Amino acid sequence: MNAIRIEHIRKVFSEHKVAVDDISLQIEEGQIFGFLGPNGAGKTTMVKLLVGMLEPSAGSSSVMNIDSTKDGVSIHAISGVLTEHAMMYDHLTAMDNLVFFGEVFGLEKEESIARGMKLLEELDLLDAKDQKLGTYSTGMRQRLSLARALIHKPRVLFLDEPTSGLDPESALRVNQLIMKLAKQGVTIFLCTHQLRYAQEICTSYGLIDHGKLLASGTLEDLRKQIYDGYTVRMKTSVMPIHVDYVEVEDGQIEFKLDSEDRIADIIRDIVQRNGNITHVSSRKMSLEEIYFALMKQGGMQDES
Ligand SMILES: Nc1ncnc2c1ncn2[C@@H]1O[C@H](COP(=O)(O)OP(=O)(O)OP(=O)(O)O)[C@@H](O)[C@H]1O
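No experiment lies behind these values; they were computed from the predicted model shown. (Residues numbered from 1 in each chain as written. Predicted model: local features only at pLDDT ≥ 70, side-chain atom pairs only at ≥ 80, totals over all residues.)

**So, the packing of helix 3 (residues 94-104) against helix 4 (residues 109-122)**
It is the contact of helix 3 with helix 4, at a shortest axis distance of 9 Å, that shows an interaxial angle of 130°. Relative to helix 4, the element helix 3 lies oblique. Here helix 3 and helix 4 pass one another in a crossing that is right-handed. For the pair formed by helix 3 and helix 4, the contact residues are A94, M95, L98, V99, G102 and E103 on the first element and K109, E111, S112, I113, R115, G116 and L120 on the second. Here the contact of helix 3 with helix 4 is composed, by residue class, of 6 nonpolar, 3 polar and 4 charged. (Axes fitted to C-alpha atoms, helices over the stretch in contact; angles between N-to-C directions. Helix = DSSP H or I, 4+ residues; strand = E, 2+ residues; numbered from the N terminus. Parallel < 35°, antiparallel > 145°, perpendicular 65-115°, else oblique. Left-handed = near helix turned anticlockwise from the far one by under 90°. Contact = placed C-beta atoms within 7 Å. Nonpolar A, V, L, I, M, F, W, Y, C, P; charged D, E, K, R; others polar.)

**Things to note about the environment of E55**
Relative to the helices and strands, E55 resides in the loop between helix 1 (43-50) and strand 4 (58-63). Residue class for E55 comes out exposed when judged on the 10 C-beta atoms lying within 10 Å of it. Put simply, E55 and T69 are 14 residues apart on the chain and 6.4 Å apart in space, counted from C-alpha to C-alpha. (Buried ≥ 20, exposed ≤ 12 C-beta atoms within 10 Å, placed from the backbone.)

**Describing the UniProt feature "domain: ABC transporter" (unreviewed entry) in the chain**
Summarizing the sequence annotation, UniProt attributes the feature "domain: ABC transporter" (unreviewed entry) to residues 4-235 in the numbering used throughout. Within the segment residues 4-235, helix and strand shares are 36% and 30% respectively, and the terminal C-alpha atoms sit 47 Å apart. (UniProt positions renumbered as here; feature names shortened; annotations may be inferred.)

**Structural notes on the sheet that holds strand 12 (residues 246-247)**
An order of 12-13-11-14 is seen for the 4 strands of this open sheet, with the pairing classed as antiparallel. Of all the strands in the sheet, just strand 12 and strand 14 (277-284) have a single pairing partner and so form its edges. Bridge analysis of strand 11 (residues 230-236) against strand 14 gives 7 bridges, and the strand direction is antiparallel. Bridging across to strand 14, Y230 finds its partner in K284. Along the sheet, helix 9 (residues 262-272) makes contact with strand 11, strand 13 (253-257) and strand 14, crossing strand 14 at roughly 165°. (Pairing = 2+ DSSP bridges.)

**Focus on the domain arrangement of the chain**
Looking at the chain, the domain boundaries give domain 1 (2-224) and domain 2 (228-284). Averaged C-alpha coordinates put domain 1 and domain 2 at centres separated by 43 Å. (Domains from an automatic or database assignment.)

**Looking at the sheet that holds strand 3 (residues 32-36)**
If you trace the 6 strands from one edge of the open sheet to the other, you get 6-7-8-3-9-10, paired in mixed fashion. Here the strands that pair on one side only, and so sit at the sheet edges, are strand 6 (79-82) and strand 10 (212-217). The sheet shows a mean angle of 15° between the axes of neighbouring strands, direction not considered. Packed on one face of the sheet, helix 1 meets strand 3, strand 7 (156-160), strand 8 (187-192) and strand 9 (204-209) and runs near 150° to strand 8.

**Here we look at unusual backbone geometry**
Phi at H8 takes a positive value of approximately 45°, unusual for a residue other than glycine. Within the secondary structure layout, H8 lies in strand 1 (residues 2-14). One non-glycine residue, N65, lies in positive phi territory at about 65°. Looking at the secondary structure, you find N65 in the loop between strand 4 and strand 5 (66-67). The class of N65 is exposed, set by 10 C-beta atoms lying within 10 Å.

**Re helix 1**
The element helix 1 is extensively covered by neighbouring structure, given that 6 of its 8 residues are classed as buried. Turning to helix 1, its buried residues number three or more, namely K43, T45, M46, V47, L49 and L50.

**Structural notes on the site of the ligand**
All residues in the neighbourhood of the ligand are listed as F13, K17, A19, G37, N39, G40, A41, G42, K43, T44 and T45. Sorting the residues of the shell around the ligand by element identifies strand 2 (17-28) and helix 1 as the ones contributing at least two each. Residue composition of the shell around the ligand, grouped by class: 3 nonpolar, 6 polar and 2 charged. (Near = placed C-beta within 6 Å.)

**Things to note about the nonpolar core**
One finds A147, F158, I188, F189 and L190 to be the most contacted residues of the largest nonpolar core, which totals 64 residues. For L190, the residues in contact, after removing those within four places along its chain, are I32, F33, G34, F35, L159, P162 and C202. (Core = buried A, V, L, I, M, F, W, Y, C linked by C-beta atoms within 7 Å.)

**Digging into the confidence of the model for the chain**
Averaged over the chain, the pLDDT score is 93; the fraction of residues at 70 or greater is 98%. Across the chain, element-level confidence peaks in strand 3 with a mean pLDDT of 97 and bottoms out in helix 10 (residues 287-303) with 81. Listed scores for the predicted complex are pTM 0.90 and ipTM 0.97. (pLDDT = per-residue confidence, 0-100.)

**Let's talk about the packing of helix 3 against helix 5 (residues 138-150)**
Their axes nearest at 9 Å, the elements helix 3 and helix 5 cross at an angle of 25°. Of the possible angle classes, the one that applies to helix 3 and helix 5 is roughly parallel. You can see that helix 3 and helix 5 cross each other, and the crossing is right-handed. In this structure, helix 3 contributes A94, N97, L98 and F101 to the contact, and helix 5 contributes L144, A147 and R148. Counted by class, the contact of helix 3 with helix 5 contains 5 nonpolar, 1 polar and 1 charged residues.

Structure follows, in structure tokens:
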């Protein structure tokens, strides 16, 4: 089932400011969907449209089959939203904050405490549960914001840079929790600029720039749009023939091949010509490379 459906949605703030420009997307339940794009691309605007905080100028969207514009209260009840500026109370303890927000979502106090304990444990905040939020470090506060967003067991979670500012250990805990939630069927809509991070954790992607969706799908789908072959890196004393190589750092060369099968022939040929090979590796295009290629294509289309 599709957890999120977006149909030709558009958001125009003023004559010259089209923040979201005719985007259509479907995201299946249990996906970790990485919504990627530079500053000002339209990511936050899209989240606000989905959770009913903004009215679209055209088109429509739904979350778990609930129309974003018609039933904001129901959307709110099944969604967790983690933004940079999550609202919480500094004078309350971490647990009291969670209980307060649990009650906002209609949870009994005991239920909020039980659920809060579990989330605080998963996010390594149990020892600080009775500490006032005002004494929390930035990283602790960010993890508590995630616990707050999860207190009512949302079916869809909207996250904005969930690990920025976290130390590696805390980031790992957050990522483990995100992946566990997705396995349980929670759909994660994750906005980020961190492409290596996105490639580690996301199962599908949407790339947005200037309000336009440049591409969407799995990493394999995106590769097919740009280049689905291999980039081979080699350090050799004799250069290969019949391949277009470029010199890269550390005296190495790089070239592209449609199939890995050709690598053995190339090595054989170099060895027969008395070449000495000290390094060979091959890889497919990374999300980062695809992203920059798509951004470049999008930019060229804008110029023409
Ligand atoms: N309320 C508003 N009124 C006018 N323009 C707005 C409003 N909200 C957003 N914008 C503009 O819409 C565009 C998209 O903004 P948005 O916040 O959605 O981008 P973003 O991709 O989330 O960026 P970032 O990565 O920096 O958070 C920007 O040019 C922004 O200035």
